[in-house]
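Close look at the chain arrangement
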Amino acid sequence: LYTFKGHDDGFWDKVGQAVGNLEALERLTYWTPDYEYHATDDDYDDEVVPIPDSEIIARILSYVRQTIRLEINYHDSMWHVEESRSFARAIHGHPTIWCFEDHGMFPYEASDALYSALATLPALKSITLSCNGLRVLREDESSMVDHASLTELLRVPSLHFVRFDRCSFDPWGHAIANSLIEGTGITKVRSSR
């Protein structure tokens, strides 16, 4: 999306309509080769400005009627907290996202917003959650991760597959244990490092 920076809502409506018309569409991948752009192309010492794409993603998703896998990839940096929360609002309640794959975009401060938004997806069957954002957590901050929102997500009745990517299960272990003990539709849990 960064390639088309500066276009108006009408342009993104047309893009959304085009994507929505793809009858065989199965996957949408948001790949950011460089999440941040610099105020000038010539001088990388200038102010770094986050790319606000959540509204664009929401606009495109509003036209999608196919069941899709939504994959969020990154190059080498995480989204900012506010942008992450904005993204969570953009996907909230979307009726056709059956699979969500996060490969490291979300900081731990926004994890509760992401988990809560994912729990509202009625078609959700599969998720991949990355612990990249949790690596910055100091021991005394582990309580800042909202275990309740993760437990709520893992109890979504339609959810059957969960993959934890690059996780040590700290600080998530408690929420995972609670959801598995107290009831869940999950039939497969996988972890990769």
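Look up a bit, the structure's there.
Per chain, residue numbering runs from 1 following the sequence as it is written. Reporting in this predicted model follows two pLDDT cut-offs: at least 70 for local features of residues, and 80 or more for side-chain atom pairs to be given and counted; totals over whole chains, interfaces and linings ignore these cut-offs and use all residues. Calculated side-chain values reflect all of the structure's heavy atoms, with hydrogen atoms and water omitted.

Another point: the overall build of the protein. Secondary structure follows DSSP: runs of H or I at least 4 residues long count as helices, runs of E at least 2 residues long count as strands, and numbering of each begins at the N terminus. Secondary structure assignment for the protein yields six helices and eight strands. In the protein, the order of α-helices and β-strands from amino to carboxyl end is α-β-β-β-α-β-α-β-α-β-α-β-α-β. We call a residue buried when its accessible area falls under 20% of the maximum for its residue type, exposed when it is over 50%, and partly exposed in between, using a 1.4 Å probe and counting protein chains only. Expressed as a percentage of its 193 residues, the buried residues of the protein come to 45%. Residue pairs in contact within the protein that sit at least 24 positions apart in sequence constitute 83% of those at least 6 positions apart. Surface exposure here means Shrake-Rupley accessible area, sampled with a 1.4 Å probe, where a residue is shielded only by the protein chains that are shown. Counting only carbon and sulfur atoms, one obtains 50% of the accessible surface of the protein, whose full area is about 10,100 Å². The contact criterion used throughout is that any non-hydrogen atoms of two residues lie within 4.5 Å.

In this description, a nonpolar core means a group of buried Ala, Val, Leu, Ile, Met, Phe, Trp, Tyr and Cys residues linked to one another through side-chain atoms lying within 4.5 Å. F87, I91, F100, L118, I127 and L153 are the most contacted members of the largest nonpolar core, which has 39 residues in total. When neighbours within four sequence positions are excluded, F87 is seen to be in contact with S54, I57, L70, I72, W79, F100 and F106.

Now for the pattern of salt bridges. Every case where a carboxyl oxygen of Asp or Glu lies within 4 Å of a side-chain nitrogen of Lys or Arg is listed as a salt bridge. Going through the model one piece at a time under the given rule, you end up with six salt bridges. A salt bridge links R59 to D9; the shortest N-O distance between them is 3.2 Å. One end of the pair, R59, is in helix α2 (residues 54-61); the other, D9, is in helix α1 (residues 9-20), with 50 residues separating them in the sequence. Using a relative accessible area of 26% as the deciding quantity, one classes R59 as partly exposed. The partner of E71 in a salt bridge is R27, with the nearest N and O atoms 2.6 Å apart. One end of the pair, E71, is in strand β4 (residues 68-72); the other, R27, is in strand β1 (residues 27-30), with 44 residues separating them in the sequence. Look at E71 and you get buried, because its relative accessible area is 11%. On the basis of relative accessible area, R27 is assigned to the partly exposed category, the value being 40%. Linked by salt bridges that have partners in common, D9, D13 and R59 make up one network.

Right, let's get into the pairing of strand β7 (residues 161-165). The side chains of a regular strand alternate between both faces of the sheet. At least two bridges found by DSSP between two strands are what make those strands a pair. Across five bridges, strand β6 (residues 126-130) lies against β7 in parallel orientation. Looking at the pairing, S130 lines up with D165 of β7. Strand direction decides the pairing type here: β7 and strand β8 (residues 188-192), joined by five bridges, are parallel. Directly across from R163, in β8, lies its bridge partner R190.

What follows deals with α1. Taking 1.5 Å per residue as the helical rise, α1 with its twelve residues ought to reach 16 Å, and the 16 Å between its terminal C-alpha atoms agrees with that figure. For α1, every residue scored as buried is listed here: W12, D13, G16, V19 and G20. Within α1, the buried residues cover an arc of 125° as seen down the axis, which keeps them to one side. A helix is expected to span 1.5 Å multiplied by its residue count minus one. Directions pointing from the helix axis toward each C-beta atom define the arc.

Most of β4 sits out of view: four of its five residues are buried. Bridge count between β1 and β4: four bridges; the pairing is parallel. Bridge pairing in β4 places L28 opposite L70. Direction of pairing for β4 relative to strand β5 (residues 97-102): parallel, over a ladder of five bridges. By the bridge assignment for β5, I72 is matched with D102.

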